[in-house]
Amino acid sequence: MRRIGFAQVGYSAHVTTDRSISELLTELSGNLSRLARAEIRLAMMEVQYKAKRARRGGGTLGFAGMLGLFGVATLMACAVLGLATVMSAWLAALLVGMAAVLLAGLLALAARFQLRRVGPLAPEWAAISVREDIDLLRRAAHR
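Residues numbered from 1 in each chain as written. Predicted model: local features only at pLDDT ≥ 70, side-chain atom pairs only at ≥ 80, totals over all residues. Heavy atoms only, no water.

1. Thoughts on helix 2 (residues 88–118)
Formally: Strands here are runs of E lasting at least two residues and helices are runs of H or I lasting at least four, both read from the DSSP assignment and numbered beginning at the N terminus. For a helix, the expected span equals 1.5 Å multiplied by the residue count minus one. Only protein chains enter the accessibility calculation, which uses a 1.4 Å probe. A residue is then buried if its area is under 20% of the maximum for its type, exposed if over 50%, and partly exposed in between.
A rise of 1.5 Å per residue sets the reference length of helix 2, with its 31 residues, at 45 Å; its end C-alpha atoms lie 46 Å apart and thus fit the reference within 8%. If you check which residues of helix 2 are buried, you get Ala-93, Gly-97, Ala-100, Ala-104, Leu-107, Ala-111 and Val-118. Of the residues flanking the end of helix 2, it is Gly-119, one or two places downstream, whose phi is positive at about 75°.

Below is the structure:
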């Protein structure tokens, strides 16, 4: 995801002295308003991006849970078939059940990895951009 900063949304930090104070204040007010809207858009884009990644990890985790449930059900069917017969039907059910449980474990590990990569949902990039903008404004004000 690309960061949007102060200079990328059409702001300039140059100062000219041939305008009146009221004109400068009017321009400052408009620039700050546009800057605030741009920062809000950046924060919204960042939260949407992180939510998309979290949704993917959550879907994988849900599928792993469903597959684990099917594995347990198959293992239960295996126990029933094992008691009912002597050999082949329950052995097949045992192999299928073990494979389902193994696959569920692997999917759960993959989901855990994806969810850890999401990080906090707070818009970090937007906060950094706002801090940079404030620092730029402070430096421009002290000139």
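Moving on from the coordinates now.
2. Re a positive patch on the surface
This is how the line gets drawn: Here, patches come from residues exposed beyond 30% relative accessible area and free of salt bridges, joined within 9 Å for like charges and within 5 Å for nonpolar side chains (Val, Leu, Ile, Met, Phe, Trp, Tyr). Accessibility throughout is a Shrake-Rupley quantity obtained with a 1.4 Å probe, and a residue counts as covered only by protein chains that appear here. Whenever Lys or Arg places a side-chain nitrogen within 4 Å of a carboxyl oxygen from Asp or Glu, that contact is recorded as a salt bridge. His is not counted here, nor are the chain ends, while Lys and Arg score as positive and Asp and Glu score as negative. One atom stands in for each charge, and that atom is NZ of Lys, CZ of Arg, CG of Asp or CD of Glu.
Taken together, Lys-52, Arg-55, Arg-56 and Arg-117 make up a surface patch of like positive charges. Ranked by residues supplied to the positive patch, first place goes to helix 1 (residues 21–84) with three residues. Note on placement: Arg-117 falls in helix 2.

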